[in-house]
Amino acid sequence: MKLKPWQLILGALIAAVAIGWIINTTCATSREPELVLNGFGEKFVGFFAYLGELFLRALKMIIVPLIFSSIVVAIAGLGKTGGFGRLGVKTLGYYVLTSFFAIISGLALVNWIQPGYVDGKPNPEIVEKITRDSETYEDKVAAKTEGQKVQGLGAVGDIFKRMIPENIFDAFGNNGRMLSLIFVSLLVAFALMVVSQSARTAVLGFLEGVNEITLVVTNWIMFLAPIGVFGLVLKTVAYTGIETFGLLGKYFLVVLGSLLIHLLVVLPLILKFIGKVNPWRQFYAMRNALLTAFSTASSSATLPVTMRALRENAGVSNRVSSFVLPLGATVNMDGTALYECVAVIFAVQLLGYDLPMSQQFLVVALALLTSIGVAGIPSASLVAITIILNNVTIDGEYLAGTGAIIGFLLAVDRPLDMSRTAVNVFSDSCGAVVIAKSEGESVLENKTEM
Ligand code: ASP
């Protein structure tokens, strides 16, 4: 029997979890404050993690040309048929609405289950651990957020400042600057609508070629997917500290539970009742993209795979997918918005406060806003969570000690990052399908094999 590519990827993922678990339990020489593996474990994991890194780099390599060429070609094409305004409004409406629904699921669950409390008081074991190792945790956050501004509300304003690069090549030279890349792409696309016919034809012809090339290269890169996925997941599982994981179990389950509600209930309902398509077909069409998002924890790195799956499996036109997906990979992050909300409220619970309604609204608003600015890369929401926590007040006072709590949450961040990224990517793809349907396209009707 010949296995299909997605079956190979899924098999690699399961094998990585199993082998990673064995290594974690048999090769650890110390577990506090960081998990350290013995020589064999380190070499074994290191070798496959290296292959995983190669796969990730190959995907990242094509994001910039893919986003730039997709947006410019899509908008210049829309200019001709005059649908830009309509499509823009639908797309933004979908992004805001679904992110809002996601946040509400998270908010409801974290307030109901209260993972930060034991018998109505902050979990003493966690508080003790955070107080004891607060410096280590703060250092971890500092290392992760190095070079990124995380102060007050000004940091939210920064999101918009980051959109305009000081030098146009900055937008092309850094995968963390997706907002500026989108801004430059939009600018070029609009300019193309007013330049001479000959200039437009030349530039568009070239960019259409670039777009096709990126998709062909994606096909080639996906041959590496099983081994890449194996390496990335193996490293995560092998280096996850079980002790801290246990302490954070309730929090972990609240995040995972709300993500699952969004993934398996809210988005399918939107597909069924607004898009009028069969949700299971959408899951099936997006299987490779979901597995890649889960393994890489990066919506941006997954974008080429999502694009290909939507066009080839779901049958969404280039016109819609090229417009909705690159924007969505940066701007529409349902899982991230939900996660930020739960993490912030959990942290406040650990500090012993019940967040008043007005402050919960602030958290929702900031989670919506910051999820737009969060880059589609691993652990990117960390900065957003810091921004939100720096702006929450109780009786007019800013909270202290939040840095160490965020550092502590890092212990389970990777598996949650993998899960929220899969939700982010699935929501982008549902947006494209719903919008394509509303534009009269027939999608998800033929199930092409990948
Ligand atoms: N890793 C997420 C993504 O790429 C962003 C985040 O929540 O950290 O979509």
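Conventions we followed
Residues numbered from 1 in each chain as written. Predicted model: local features only at pLDDT ≥ 70, side-chain atom pairs only at ≥ 80, totals over all residues. Heavy atoms only, no water. Phe/Tyr/Trp six-rings, centres within 6.5 Å; stacked < 30°, edge-to-face > 60°. Buried < 20%, exposed > 50% of the residue type's maximum accessible area, 1.4 Å probe, protein only. Salt bridge = Lys/Arg side-chain N within 4 Å of Asp/Glu carboxyl O. Helix = DSSP H or I, 4+ residues; strand = E, 2+ residues; numbered from the N terminus. Expected span 1.5 Å × (residues − 1). 1 Å grid on protein atoms, 1.4 Å probe; cavity = no way out; pocket = protein on both sides within 12 Å on 5 of 7 lines; lining within 4 Å. Points joined across faces, edges and corners; volume = space filled by probe spheres on them. Nonpolar A, V, L, I, M, F, W, Y, C, P; charged D, E, K, R; others polar.

**A short note on the packing of aromatic side chains**
Link 1 in the chain: Taken as a whole and assessed by the stated rule, the structure comprises nine aromatic pairs.
Link 2 in the chain: On the numbers, 5.1 Å between centres and 75 degrees between planes, the contact of Phe 47 with Phe 48 is edge-to-face.
Link 3 in the chain: Using a relative accessible area of 48% as the deciding quantity, one classes Phe 47 as partly exposed.
Link 4 in the chain: Ring pairing ties together the aromatic residues Phe 40, Phe 44, Phe 47, Phe 48 and Phe 230, which thus form one cluster.

**Comments concerning the pattern of salt bridges**
Link 1 in the chain: Under the defined criterion, the tally for this structure stands at seven salt bridges.
Link 2 in the chain: Taking the shortest distance from any N to any O, the salt bridge between Glu 439 and Lys 90 comes out at 2.6 Å. Placement of Glu 439 in the segment after α22 (413-438) and of Lys 90 in helix α4 (residues 84-113) is noted, with a sequence separation of 349 residues between them.
Link 3 in the chain: The closest approach of N and O atoms between Arg 319 and Glu 439, which form a salt bridge, is 2.9 Å. Here the residue Arg 319 occupies a position in helix α17 (residues 318-331), and Glu 439 occupies one in the segment after α22, the gap between them amounting to 120 residues.
Link 4 in the chain: For Arg 319, a relative accessible area of 26% puts it in the partly exposed group.
Link 5 in the chain: For Glu 439, a relative accessible area of 18% corresponds to the buried category.
Link 6 in the chain: A cluster of three or more residues bridged by salt bridges with shared partners is formed by Arg 86, Lys 90, Arg 319 and Glu 439.

**Some remarks on helix α10 (residues 197-221)**
Link 1 in the chain: In this model, α10 (25 residues) spans 36 Å end to end at C-alpha, consistent with the 36 Å of a helix rising 1.5 Å per residue.
Link 2 in the chain: Residues of α10 that are buried include every one of Leu 204, Leu 207, Val 210, Asn 211, Thr 214, Leu 215, Val 217, Thr 218 and Ile 221, and no others.

**Quick notes on the environment of Val 203**
Link 1 in the chain: Tracing the chain through its elements places Val 203 in helix α10.
Link 2 in the chain: Look at Val 203 and you get partly exposed, because its relative accessible area is 33%.
Link 3 in the chain: When the C-alpha positions of Val 203 and Val 72 are compared, they lie 9.6 Å apart, and in sequence the two are 131 residues distant.

**So, helix α19 (residues 357-373)**
Link 1 in the chain: Between its first and last C-alpha, α19 extends 25 Å over 17 residues, near the 24 Å set by a 1.5 Å rise per residue.
Link 2 in the chain: Of the positions making up α19, those classed as buried are Gln 359, Gln 360, Val 363, Val 364, Leu 366, Ala 367, Thr 370, Ser 371 and Gly 373.

**Brief notes about unusual backbone geometry**
Link 1 in the chain: Phi at Lys 276 takes a positive value of approximately 55 degrees, unusual for a residue other than glycine.
Link 2 in the chain: Topologically, Lys 276 is positioned in the loop between α13 (249-274) and α14 (279-285).
Link 3 in the chain: Here the phi dihedral of Asp 395 falls at roughly 50 degrees; this positive angle occurs in a residue that is not glycine.
Link 4 in the chain: When you line up the elements, Asp 395 lands in the loop between β5 (393-394) and β6 (397-398).

**Quick notes on empty space enclosed by the protein**
Link 1 in the chain: Taken as a whole, this structure holds two cavities of 30 Å³ or more when the rule is applied.
Link 2 in the chain: Reported here for the largest cavity is a volume of approximately 70 Å³.
Link 3 in the chain: Lining the largest cavity are 15 residues, and of these Thr 336, Ala 375, Ile 377, Asp 417 and Asn 424 lie nearest its centre.
Link 4 in the chain: Among the elements that line the lining of the largest cavity, the one with the most residues is α22, at four residues.
Link 5 in the chain: Residue classes in the lining of the largest cavity are distributed as six nonpolar, seven polar and two charged.

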